[in-house]
Amino acid sequence: MSSLVPLGGLVRKELRQIRADPRMIPILVVAPLLQLVIFGYAATMDVTRARVAVLDHDASPESRELANRFAASDSFQLAGHVADGAAAEALLAAGRADLALIVPARWGRDLAAGAPAEVQLLVDGTESTSASIGISGATGLLASLAREVAARRLAQADAEAQPPGGVEVRRLVLYNPDFKSRFFMVPGILAVVLLIVTMIATSMAVVREKELGTFEQLVVTPVTRPTLLAGKLLPFAAFGLLDGALVLLVSRWWFEVPLRGSALFLMGAAVPFVLCTLGLGLLVSTVSRAQQQAMMTAVFIVILPMIYFSGMVFPIESMPAVVQPFTEAVALKHLLLVLRGVMLRGAGLAELWPAVAKLAAIGVGTFALAATLFQKRLA
Amino acid sequence: MSALAVARKEVRQLSRDPQSLIVHVALPAVMILLFGTVLSLDVRHVPLGVLDRDGSAASRSLVAAMTSGELFDLRERLESEEDLDRALDAARVSLALVVQPGFERDLSAGREPAVRVVVDGSNALSAQTALGYAELLLTAAGARLAGDPAAAAVPPLSARLRVLFNPELASDRFLLPGLIAMILMVVSTIATCLSIVKERETGTMEQLLVSPLSAGAVVLGKALPYTALSLAATALVLGTSRVVFGLTLSGNPLVLLLLAVLFVVGAQSFGLLISSLIASQQVAFQVATYATMLPSFVLSGFVFPLRSMPVALQALSWLVPARYFISGLRGVVLRGVGLEVLWPEVAALSAFAATMLGLAVWRLRRRRL
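Cut-offs applied
Residues numbered from 1 in each chain as written. Chains lettered and ligands numbered in written order. Predicted model: local features only at pLDDT ≥ 70, side-chain atom pairs only at ≥ 80, totals over all residues. Heavy atoms only, no water. Bend = angle between axes of the 7 residues up to and from the residue. Helix = DSSP H or I, 4+ residues; strand = E, 2+ residues; numbered from the N terminus. Buried < 20%, exposed > 50% of the residue type's maximum accessible area, 1.4 Å probe, protein only. Contact = heavy atoms within 4.5 Å. Phe/Tyr/Trp six-rings, centres within 6.5 Å; stacked < 30°, edge-to-face > 60°. Lys NZ or Arg CZ within 6 Å of the ring centre and 35° of its normal. Pairing = 2+ DSSP bridges. Axes fitted to C-alpha atoms, helices over the stretch in contact; angles between N-to-C directions. Salt bridge = Lys/Arg side-chain N within 4 Å of Asp/Glu carboxyl O. pLDDT = per-residue confidence, 0-100. Parallel < 35°, antiparallel > 145°, perpendicular 65-115°, else oblique. Left-handed = near helix turned anticlockwise from the far one by under 90°. Nonpolar A, V, L, I, M, F, W, Y, C, P; charged D, E, K, R; others polar. Patch = residues over 30% accessible without salt bridge, like charges linked within 9 Å, V, L, I, M, F, W, Y side chains within 5 Å. Areas by Shrake-Rupley, 256 points an atom, 1.4 Å probe, with all protein chains shown as cover. Core = buried A, V, L, I, M, F, W, Y, C linked by side-chain atoms within 4.5 Å.

Draft legend 1. Inspection of helix 13 (residues 349-378) of chain A at higher detail. Residue and element names in this part refer to chain A. At Ala355, helix 13 shows its maximal bend, which comes to roughly 35 degrees. Residues Leu352, Ala355, Val356, Leu359, Ile362, Gly363, Thr366, Ala370, Ala371 and Phe374 constitute the buried set of helix 13. Residues of helix 13 that are buried sit in contact with helix 7 (182-212), helix 8 (214-220), helix 9 (225-253), helix 10 (263-287) and helix 12 (331-345).

Draft legend 2. Fine view of the packing of aromatic side chains. A full pass over the atoms with the stated rule returns eight aromatic pairs over all chains. Between Tyr308 of chain A and Phe297 of chain B, the aromatic rings sit 6.4 Å apart at their centres with planes inclined by 65 degrees, giving edge-to-face as the arrangement. Separated into two different chains, Tyr308 of chain A in helix 11 (residues 291-308) and Phe297 of chain B in helix 12 (residues 281-298) make up a pair that spans both. Assigned by exposure class, Tyr308 of chain A and Phe297 of chain B land together as buried. Counting every residue linked through ring pairs, the aromatic cluster contains Tyr308 and Phe314 of chain A together with Phe35, Phe297, Phe302 and Phe304 of chain B. The ring centre of Trp253 of chain A lies 4.6 Å from the NZ or CZ of Arg252 of chain A, which sits over that ring. Sitting above the plane of the Trp318 of chain B ring, Arg323 of chain B keeps its charged end 4.2 Å from the centroid.

Draft legend 3. Geometry of the sheet that holds strand 5 (residues 168-174) of chain A. Taking strand neighbours across the sheet as the criterion, the five strands line up as 5(A)-4(B)-3(B)-1(B)-2(B) in an open arrangement whose pairing is mixed. Both outer strands of the open sheet, strand 5 of chain A together with strand 2 (72-77) of chain B, are each paired with one neighbouring strand and no more. The sheet shows a mean angle of 25 degrees between the axes of neighbouring strands, direction not considered. Summarising the sheet, strand 5 of chain A and strand 4 (residues 114-120) of chain B pair through seven bridges and their orientation is parallel. Each bridged residue has a counterpart across the sheet, and for Arg171 of chain A the counterpart in strand 4 of chain B is Val117 of chain B.

Draft legend 4. Broad picture of unusual backbone geometry. Residue and element names in this part refer to chain B. Residue His45 is not a glycine yet carries a positive backbone phi of 55 degrees. Structurally, His45 can be placed in the loop between helix 2 (18-36) and strand 1 (46-52). Using a relative accessible area of 25% as the deciding quantity, one classes His45 as partly exposed. Backbone geometry places Ala91, a non-glycine residue, at a positive phi of 60 degrees. Relative to the assigned elements, Ala91 resides in the loop between helix 4 (81-89) and strand 3 (95-99).

Draft legend 5. Looking closely at the pattern of salt bridges. For the coordinates displayed, the defined rule picks out 16 salt bridges over all chains. Of the charged contacts, one joins Arg335 of chain B and Asp124 of chain A as a salt bridge, the two residues approaching to 3.2 Å between their closest N and O atoms. With Arg335 of chain B in helix 14 (residues 321-335) and Asp124 of chain A in strand 4 (residues 117-124), the pair connects residues from two separate chains. Given the relative accessible area of 8%, Asp124 of chain A is considered buried. Lys9 of chain B is the salt-bridge partner of Glu10 of chain B, the closest N and O atoms lying 3.2 Å from each other. Using a relative accessible area of 25% as the deciding quantity, one classes Lys9 of chain B as partly exposed. Here the salt bridges do not stand alone but share partners, grouping Lys13, Glu14, Glu209 and Lys232 of chain A into one network.

Draft legend 6. Up close: the confidence of the model for chain B. All names here are of chain B. Across chain B, the average pLDDT comes to 83, with 95% of residues at or above 70. Contacts of residues 148-155 to residues separated by more than four positions or lying in other chains number 19 contacts, the stretch itself having pLDDT below 50. As a predicted assembly, this complex carries a pTM of 0.82 together with an ipTM value of 0.80.

Draft legend 7. Representation of the side chain of Arg51 of chain A. For Arg51 of chain A, the position within the fold is in strand 1 (residues 50-56). Judged by its relative accessible area of 18%, Arg51 of chain A is buried. Apart from the residues within four sequence positions on either side, Arg51 of chain A is in contact with Gln77, Ala79, Gly95, Arg96, Ala97, Asp98 and Leu99 of chain A together with Arg307 of chain B.

Draft legend 8. The packing of helix 7 of chain A against helix 11 of chain A, seen in detail. All names here are of chain A. Across the interface, helix 7 lies against helix 11 with an axial gap of 9 Å and an inter-helix angle of 155 degrees. Considering the angle they form, helix 7 stands roughly antiparallel to helix 11. Crossing hand, helix 7 versus helix 11: right-handed. Residues Val192, Leu195, Ile196, Met199, Ile200, Ser203, Met204, Val207, Arg208 and Glu211 of helix 7 form the contact with helix 11, whose own contacting residues are Gln291, Ala294, Met295, Ala298, Val299, Val302, Ile303, Met306 and Ile307. For the contact of helix 7 with helix 11, a count of residues per class yields 15 nonpolar, two polar and two charged.

Draft legend 9. Quick look at the pairing of strand 4 of chain A. Residues and elements named next belong to chain A. The element strand 4 is extensively covered by neighbouring structure, given that seven of its eight residues are classed as buried. As paired strands, strand 3 (residues 99-103) and strand 4 are joined by four bridges and run antiparallel to one another. Counterpart to Ile102 in the pairing with strand 4 is Gln120.

Draft legend 10. Spotlight on a nonpolar patch on the surface. A surface patch of nonpolar side chains, amounting to about 350 Å² of accessible area, comprises Ile25, Val29, Val30, Leu33 and Leu246 of chain A. Tracing the backbone shows Val30 of chain A in helix 2 (residues 24-42).

Draft legend 11. Main features of the packing of helix 9 of chain A against helix 10 of chain A. Residue and element names in this part refer to chain A. Between helix 9 and helix 10, whose axes approach to 10 Å, the crossing angle comes to 135 degrees. The pairing of helix 9 with helix 10 is recorded here as oblique in orientation. Seen from above, helix 9 lies across helix 10 with right-handed handedness. Between helix 9, through Leu229, Leu233, Phe236, Ala237, Leu241, Ala245 and Leu248, and helix 10, the contact on the second element is made entirely by Leu266, Met267, Ala270, Val271, Val274, Leu278 and Leu282. Here the residues of the contact of helix 9 with helix 10 are counted per class, giving 14 nonpolar, no polar and no charged.

Draft legend 12. Structural view of the nonpolar core. Counting 171 residues, the largest nonpolar core has Tyr308 of chain A together with Phe297, Phe302, Val303 and Phe304 of chain B as its most contacted members. If sequence neighbours within four positions are ignored, Phe302 of chain B has contacts with Tyr308 of chain A together with Leu39, Phe174, Leu175, Gly178, Leu179, Met182, Ser296, Phe297, Ile326 and Arg330 of chain B. Counting 29 residues, the second largest nonpolar core, distinct from the first, contains Val173 of chain A together with Ala58, Ala65 and Val117 of chain B.

Draft legend 13. Layout of the environment of Val193 of chain A. Residues and elements named next belong to chain A. Structurally, Val193 can be placed in helix 7. The buried category is assigned to Val193, whose relative accessible area is 1%. Ignoring anything within four residues of it in the chain, the contact list for Val193 reads Pro32, Gln35, Asp243 and Val247.

Next comes the structure, spelled out in structure tokens:
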């Protein structure tokens, strides 16, 4: 119990230092909120209506109906009519349309007669994801038109005839029926805020004491090394978790991202992650002599790769097969699995135990390594 | 001429500091290499679950139609609805196909049986794309399986598809310009910011300021060597993108050079400005990192389409230089368009470079008075 007394003193000292340092408040409070607001509003990959330019060589009632169907659909909007193919391509090249629909002459007559009728779709493939969503939307629209025309013709020709065969596909979208990309991104921001607050602040606080030479003073006091370490890290862990809770509240009540599972389980899973980031912060401070160097290392060697390799924005399934196993070592990946599972799908330990176990292993391992190296440097 | 003297001094200093040379030129290429490999939003290998209650030849060929490409990977054969819920809850599958009993019978009778596709919508973008693919595959397979006179009566209304600029619809070709812009912005700004910081630490900044050099000469002299370095970095980054990721340039290289010069000069003057505005070097460095990294990633159109943002943020993005550089790069590299289309980008980047240069010169002149 006696070791708790110096620990309390150390924590108080650290908190006083944080308050006295004008740079700490922006890092600990302002930056997380700013990130949440900017990311929460800007990080949407919601697909807007694709802009369709129409080149109608046919000018028949059928071709006008086709254009109207595109205009009436939720997935498209008309970007205007063009006179020739060159104009259509120019519109796509200038980025003022995403798709061009080219209806050849006599198309309407062929369609009505049941002859092969083909339209041409010109697609700007630059933004590949919206392009493929646009293509499947356009193909679906044409297919449903084809079925209607066929049914109409069959009904006219022969009342006894069977309707066209095939299957009907019914869709059921779980967890995020309106396809809001914010639901996917906001849990990621929560994780990144935790990462930045705990890691950068820790490494900078430790390196600062190194720069000022005050760490030597602490080392020669009768306080034990583990107590020293705990006194240094606890305030930042607490700040990180507090920031996490704050972000969770804002995302629930302001951005209306659901929290379907247990908030307690969520915060519990954040603890091994924070252990890992504190360890990384310590590691960074061990190799850095100046605060700038610490921040540079933290940002470029740790934070950026972690974000890119965690599946926060770029899905892990789309990565090359060679790279995928390496992502297992990224703590952020497992935390994201837990956060998204709990918040969106209402999952608990029963579903998420593999991610939690890996998170715990990485957290304890990183921290143990960092603490050992750190104490060795002090000795 | 005096600007050249400052530039010569700067070059001599840089040549004695191989570490910052490496950081400035090699780091961008390493980052492209590292991050470029994971830079993809393509929807492939979606984990698929199948609940086949019919167990017929028709239902099996429906499943085969879905798994034949590399879009869907059959991960689990599910036994019941509870099984399905569990697999989706645990994210072991993100899309599931449910075929009810009597599917084959109804299909051959022309009764148009329904199949159900259940999708985990958490990742909205992938989910929408996967759902679109699944519906197309199932509809086509269904029509083929029905294979009866009625299906043949459907007039073959079809679409001939021609995808311009990025025929394989590979998302990395779309994303690479964004990554290039972000890395160049961050590294260029930080590099000049650090060079001022170093002059301050060694006290040589005061000497420069009391010398008879004009503020413009100091700024230009500082910016010139770094611009050359940044252009070397740009060339290295573009070369890496070409060799490793197959990003070929389809437009005019001179337009590309113009865009790059304007962007890099602007970014460097921005770094000078920050370090002259903020006395504390560490704070200046932090501001430079935050002020370049976050906007260049989020508000530039790199990953998140600007058109889907709230109007206020779209307006804010007008102030982000990376936005213009990215759309210019995409124009030159992917679409192969020239100045006739890209003049707004060139104009915006010129305005950015001129403003930042002007502000940096103005600040240095004021410090001197």
